[in-house]
Amino acid sequence: MSKKILLRIFAAIILLVSVLFFPFWISVILGLIFIAYFSFFAEAIFIFLISDLLFGANEPKFFYFNGISFLIAIVVFTVAETIKKKLRFDV
């Protein structure tokens, strides 16, 4: 395997461990860093979906929807990929 693939797998494992064991804000920061660094890091979307399925709470301010971090991850991923394509910033 190449170094890029191993680094990407390692980053996905780090993000999964941070979602499971660390505070949410650490996972968000790591997710943003990995989305910015890797091209098409869709793993972040699925990991935040897992986070919502495990720890999501129904909040009245979000109309009792518990998939907020998943939706935010989709929006951030889409915006970041659009910006990276326009800036030609793919790694």
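Residues numbered from 1 in each chain as written. Predicted model: local features only at pLDDT ≥ 70, side-chain atom pairs only at ≥ 80, totals over all residues. Heavy atoms only, no water.

K.L.:
Is there a simple way to think about the environment of L87 in this case?
P.N.:
Within the element layout of this structure, L87 appears in helix α4 (residues 68-87). Given a relative accessible area of 62%, L87 falls into the exposed group. With 85 residues separating them along the chain, L87 and S2 place their C-alpha atoms 26 Å apart. (Helix = DSSP H or I, 4+ residues; strand = E, 2+ residues; numbered from the N terminus. Buried < 20%, exposed > 50% of the residue type's maximum accessible area, 1.4 Å probe, protein only.)

K.L.:
How should the layout of surface pockets be read in this particular structure?
P.N.:
Over the atoms, a rolled probe matching the size of one water molecule traces out where space is still vacant. A volume near 170 Å³ is recorded for the largest pocket. Lining the largest pocket are F24, V28, G31, L32, I35, F48, S69, I72, A73 and V76. Elements with a minimum of two residues in the lining of the largest pocket: α2 (24-37) and α4. No other element matches α2, which puts 5 residues into the lining of the largest pocket. (1 Å grid on protein atoms, 1.4 Å probe; cavity = no way out; pocket = protein on both sides within 12 Å on 5 of 7 lines; lining within 4 Å. Points joined across faces, edges and corners; volume = space filled by probe spheres on them.)

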